[in-house]
Each structure stands twice: as structure tokens, then as C-alpha cells.
Amino acid sequence: MELTRRDAAAALAAVGAGGAVAFGVDRLRGDGSDGPDASGQDPPAEARLRETFVAAAEVLYPSEVSGIGGFVEGFLEGRLGRRDHADGIRAAVGALDDRAVSWYGERFAALAVEDRDRLLREIGADTAEEDPEGTTAERVRYYVVNELLLALYASPTGGELVGLENPQGHPGGTESYRRGPK
Amino acid sequence: MSGSAPNGRRPVSGADVCVVGAGPAGALVADRLAAEHEVVVLDAGPRFDPADRLERQERAIRPAYDRPDVWDGDDERDAHSASGDRFYPLNHARVKGIGGSTLHWQGMVMRLHEDDFASGSERGVGPDWPIDYGEVRPYYAAAERELGVAGSDDNPYAPPREEPYPMPAFAPSYSDGLFADACEALEIDMHSVPNARNSERYDGRSACVGYGTCQPVCPAGAKYDATVHIERAESKGATVIDRAPVQRLEHGVDRVRAAVYATPDGTEYRQTAEAFVVACGGVETPRLLLLSDSEHYPDGLANESGLVGRYFMDHLFAGTGGVLEEPTRQNHVGFLTSESHQFYDDADGEIGPFKLEFFNYGGPSPVETALSADTWGEDLLDRLRQDYGTHVGMGALVEQLPREDSYVGLDPDRTDDHGNPVPDVHWTVGDRALRTIERANEVQEAILSELGAEITWQVGPDDTGPAYHHMGTTRMGTDPEESVVDPRLRTHDLGNCWLVTSGAFPTGGAVNPTLTIAALALRAAKDVRTSL
């Protein structure tokens, strides 16, 4: 099942994009925005951010989903428009990359799929309860793992994987609840 | 007036009416009076930005957030106690702010049945209301127009109506059709549900677009909330002051003189007015009266009867659910489309009235399951497919009778962020309600068995919970020794003070109370206008 940018827009409709989507686009294109942020810390390069998210989605999404790159990029563009949320994403991705380099010698996105999966579990992101202000495991769960699972399963394409074309959070109208199974 | 802090939250001079509470009751009264009178509305909570509703929806879906987080609940501001045998989770479903708990509510709006107004006479238990259905009936119709109700006149057990609903009912769901076959075999009638939710564009607001998170937040604005009437009142000239919790009502022997409220910078102001309408719901209204004690009224304001806070009632939930061996198409929308009131009017002294609900959201929501799962990828998808798709569920609302040992009081040992004793919801449930839950469970089991479901869960007498409908605590009546307010919700003790809340209900019936609150608010507004 192919994910598209239209699915990304639908996922954003469920959870909301910030008012500065263009900010996110510029950042993702890596056009000179890799300097220190307002806190004075060096954030991970925005291109790396996208790579990391796509690499994580390749682990988190089932194999019957295709078109992950465009979907994740589109979704992330919108989410980075919410500045506080964007800061949380950057910090969590930074922590994930730090662990990847420390334990596996490479950035997360550069690891084999199996190693990415293993790393996420070794961090504890599989069993952690999401918490935007919690431990590394809880923040990776909130800002990376659940961010991507929310994007997929609140979108119509993700819902259809389960048999629910209008999942909770998606404004899919008032027809589907009346229809029988296909 | 627009903006959240008109004139620095200072009082309005020359006000005719001061409304305390910007939920549906206060909003409707303010709207009815604002064109002809100077109206001020004070609310303890903030004015929420409609643009934030998608973020609130995300909080509703993500496991990091509890229900009170969705609408910025504050543990100190909203502190409460529960000294009864049953814990009462007061903050689970209430919102402080402009719009009140209608921001969170499910939006089900039925009229009480005719016998609900005469429980003592018709069922042999509890008091009669001092008014009958016929007296409230035109106000019900007006309330349906104000809120915008989608419904159909297909409920053979509902009280008589004089005109169609403002909007057509939402069509039955696919799973309603599955239930219908089972109910037909058991000779149980199903019918539509009146929803305060737009089935088509209404009053400038969107039709429902199916976000599926009605409770606790509707991002589309298709579900009615009281910001509708607050904004309308403001357009007529009313002043609305948010984040202005009223600390006490200053009063003489027979009149309220001022509402003393606090502001975020710590300043206290006095809002004077000719008339005061307290519309803070069935918990905060008695609390404010009890906090307003004085030398003349040492037991609290409007409490010469000693009944302020007494007779606290809620509706109790009874539920049963299970799984079928076929798809049931749940969780597309967050509202109900079918109910049955067939057993409602069988009520007597032994068994109370109850209504049956057929869920459209039985079983887990896949996205919520995904966010709490301990796996991902193929394993997660397999689990979601296994968990989703074949669930069915039924609910019921059950009446509880008023009891003196069920009450809202003050907890002297615990204070809120302004140093005021917090409300203590001492909730006690009698045997009749527990028997009624058992009866509702029996009917639910019969329907699900006929449907061929494997029953996997049940909420019965031992683990029932409240529906967050706070009733009875400022009882309506004609005898000042037996009630707090008169049939038009004016206090017996103070000639310029109305208590417009479900606290006025002498009995609760078994339907969701907000339409009755709205009808009584419109009726009270007329009385306030006459008095000015």
C-alpha cells in the first residue's frame, strides 16, 4: 500500500501542523539553517533529521507500506512548524544518534535496518511509555516512535491496513461508519 | 466585546446581570438578556483558542496525556476531595473555561420522560418535580433550536413533541444494523439518538466531518459547545471575563450585592449587579454558596433549608461488550446513532429507569493501541488486525435516587489555589440503582447472546462509575423548607439570585441532562428579565 504526500497532509490534518510550515520545508532542504538554535546548542542537521525519521519509519512501518520517504518528509515538514515540538524532535533525534554512534559506531540512519530495530529496543523505546519530558527512552518513544506511528495509523492509508478507512483523528466524513465490510 | 481580558478584568459599572459560569446554562442566560441589559459573565477558567483544537485532539489520542490535560486542567485550581465510599473522579470530564464542560461532552440531548417529572406519584419513590413536562415542553423545543439538535421522531417511548428536530438525525451505523436483527428477534425497539452535533451545516457551524474524538474535543465545531452562545452574547454587548474565579457572593439579608472574584495578577474585584445568576454546575454552585457564609447565614448562602449540596445524584453506567465472528466496523465516528428507551418507563420502586445505548466505538481504537504497543512493524500490524474489527459494545445510563447521605460539601482540610476549601463529593448510591444496573446488564447480555457475541467485558454494580452528570444539589421545589430554588430557579432566600444548574433536578431520570439544563436556563432567563 503506497503512502503519498496526500497521506502526509491527511495525517497532519489529524494532529495539526504549525503555522510556519515553510520554516520546516527550508530546514529539511538544509539551506543554510544548520547553525545553533535559540538555546545555543548545535542541533542535528535538518537533512539528518529527515534521514533519521525515514530510517526509523523503515523499522516501525510494516513492509506492505511503500512510499515512506515522501510521506515522512511531508509529515515532518508540518510538524516542525510547531517550534516547541520541533525542538523536542531535534533533541530526541540527537540522543538517538548519540547512542547509535556510541554503541554501533554510525549514525542511526547509516545503520542496517536490523541494527536500527535493535538499537531502538536496546534504548527501551519499545516498552517505554511516551513522555515528552521523560528519559531518553520515553522521549524517543514520544518524538520519534509514536510520532511516526501516529502519522501512519491516523491517516486513511494506515487505517485501511487495519480495515478502518476513517481512523480516529482523521476527518473522513460521516459515510464510512454506515458502510459494511468490503 | 472580544478578547480574553476586557478592561484588565475590571468590573463593569452599572451591570444589570452578573452570570457566574460560562457553560451552557450561563451562556444561554447571558445571550437571552444581553440585548436589553448590561450583562457580565465571570468564569474561573481561560478562553481557549479555537485554533488549538487539533493539538487538543492529539492530546486526546496520545497516551502521555490524561483527560484533564486536554483542556488544561490544573491540579491546584481544580483540587477536590471524595470522602464517600465510592471515589468520585470529578476532574475526568469537566472543563473550567469559556464553554465549560460542553467543550468535552458527548453531546447527547434527550428530553426527560413525562414520568421523570413525577417519580413519587408514578413510580412510588423520590419527590415529584414542582413542574411537569408540559411546562418545560416549549423550552425544550427552544433549547433544541439553540443548541442545534439532529434527531428523528422515531422513538416511541419519548415524550410528545410539537415540531421536528432542527436537523435530520444521523443515519444508523453498520453495527446498528447488526444489533437491529438481534433486537427484532427479542422484540426490542431501537431508535435514533438526538445529537447536539450538526448532521448538516447549522447556525454557521460545520457539519460533522468524522474526526471521531467527539469526547473530549471536536476540532470541527460541529458538536455544540457553549462558546456559541457566549460569542453571541458578546456580539449583543455582554462582557465576558475569563480567569476570574468567584471567591464568594457578598450579600445582605435578602439580596446578593456583589460577586467577589480574583484575577491572575492576584487582584480581587467586586462585580455588583441587580441580578445574579450562578451557573457553575451541580458541584461548584453549592460550593460557592457554602463558601459565601456570613454572620446572618452561618450555614451558607441560600441554605435556610439546610439542603445546599444535599441529594447529589449522577447517572450510573452499565455496560456489556464482546466480539463477533464478523466485521463490525467500529471507531469511524465518536458518537452514537441508536438507543432503546423501551425499558425506561417500566420503572417503579424496585427498578429505576434506564436507557440502552448501542456503541459505534466498541473495542480498541487502532491508533491508540499502536501508541501503547510494545512492538512495531509487522508484529504491530498483526496485533492491530487481531484486536480491531469484530468488537461490539452496549452501554446504559441508570437513574439513582436522591439521598441525604449523598452530597457535595466543603473539605476543611484541603484548599485550592486561592486558599478556599475544595469541594468534597461524597457520593452514595442506593440499592435500587444497583438493581437497575443488574437489570440493564441482563438485557444487554440477552441482546449480545442473540447477536452471537462472545461476551468479553461487563460493567456491573460492583464496578459501575458515574456519567459526570451532577444533579440534585440545589433542589427545586415550592416549599422553602424542602428545597433551595423555586420552579424558576430563583433562590427562596434571596430575591435576586438564580441557580441555573442541574443541581435543581429533584430526580435525575436516566437521560443525559444538558438539554433539560438548557430548557430550564431559558425558562429562568425569562424570570430574570421579568424581575429587572
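Everything below is about the structure shown above.
Calculation rules
- Residues numbered from 1 in each chain as written.
- Chains lettered and ligands numbered in written order.
- Predicted model: local features only at pLDDT ≥ 70, side-chain atom pairs only at ≥ 80, totals over all residues.
- Heavy atoms only, no water.
- Core = buried A, V, L, I, M, F, W, Y, C linked by side-chain atoms within 4.5 Å.
- Buried < 20%, exposed > 50% of the residue type's maximum accessible area, 1.4 Å probe, protein only.
- Helix = DSSP H or I, 4+ residues; strand = E, 2+ residues; numbered from the N terminus.
- Domains from an automatic or database assignment.
- Contact = heavy atoms within 4.5 Å.
- Pairing = 2+ DSSP bridges.
- Axes fitted to C-alpha atoms, helices over the stretch in contact; angles between N-to-C directions.
- Buried area = accessible area lost by both parts, 1.4 Å probe.
- Salt bridge = Lys/Arg side-chain N within 4 Å of Asp/Glu carboxyl O.
- Polar contact = N/O pair within 3.5 Å; in protein donor to acceptor, adjacent residues only side chain to side chain.

Peer 1: Can you help me understand the nonpolar core in this one?
Peer 2: General note: in soluble globular proteins, nonpolar side chains tend to be found buried as a group. Val 39, Leu 42, Leu 249 and Val 500 of chain B are the most contacted members of the largest nonpolar core, which has 96 residues in total. Considering each element in turn, this core owes the most residues, 10 residues, to helix α12 (residues 514–531) of chain B. If you count residues domain by domain, this core takes at least three from each of domain 1 (1–78 + 93–149 + 211–315 + 468–532) and domain 2 (152–193 + 316–398 + 430–463) of chain B. Once you skip the residues sitting within four places of it in the chain, Val 500 of chain B turns out to touch Ala 25, Val 29, Val 277, Val 278, Ala 279, Leu 489, Ala 521 and Ala 524 of chain B. Ala 57, Tyr 61, Leu 120 and Leu 161 of chain A belong to the second largest nonpolar core, which has 61 residues in total.

Peer 1: Explain the sheet that holds strand β18 (residues 497–499) of chain B to me, please; I cannot follow it from the model alone.
Peer 2: All names here are of chain B. As summarised here, the arrangement of the five strands in space is β6-β2-β1-β10-β18, forming an open sheet in which the pairing is parallel. Looking at the sheet topology across the chains shown, the edges are occupied by β6 (239–241) and β18. Each strand of the sheet is rotated relative to its neighbour by a mean of 15°, with strand direction disregarded. Relative to β18, strand β10 (residues 275–278) is paired through three bridges, and the arrangement is parallel. Directly across from Val 277, in β18, lies its bridge partner Trp 498. Here α12 sits on the sheet and contacts β1 (17–20), β10 and β18; the angle it forms with β18, its principal contact strand, is near 175°.

Peer 1: I'm lost on the sheet that holds strand β9 (residues 268–272) of chain B in this one. Help?
Peer 2: Hydrogen bonds along the backbone pair up the strands of a sheet, which may run parallel or antiparallel. All names here are of chain B. The three strands lie next to each other as β7-β8-β9, forming an open sheet whose pairing is antiparallel. Among the strands making up the open sheet, the edge pair consists of β7 (246–251) and β9. Mean inter-strand twist for the sheet, computed between neighbouring axes without regard to direction, equals 25°. One ladder, built from five bridges, connects strand β8 (residues 256–262) with β9; its direction is antiparallel. Bridge pairing links Tyr 261 to Tyr 269 in β9.

Peer 1: It is not clear to me how the interface of chain B and chain A should be interpreted in this structure. Could you clarify?
Peer 2: By a widespread convention, an interface's size corresponds to the accessible area lost as its parts come together. Taken residue by residue, the interface counts 45 residues in chain B and 50 residues in chain A. Each partner contributes to the roughly 4,000 Å² buried at the junction of chain B and chain A, and carbon and sulfur atoms together form 55% of this total. When the area that chain B buries against chain A is broken down by residue, the three leading residues are Arg 62, Arg 329 and Trp 376 of chain B, summing to 21%. The interface formed by chain B and chain A holds seven salt bridges in total. Linking Arg 62 of chain B and Glu 130 of chain A is a salt bridge whose minimum nitrogen-to-oxygen distance equals 2.9 Å. Linking chain B to chain A there are 31 residue pairs in polar contact (both at pLDDT 80 or more). Elements supplying a minimum of two residues to the side of chain B that touches chain A: α2 (53–61), α9 (366–372) and α10 (377–387) of chain B.

Limitation: the analysis is restricted to geometry and does not speak to function.
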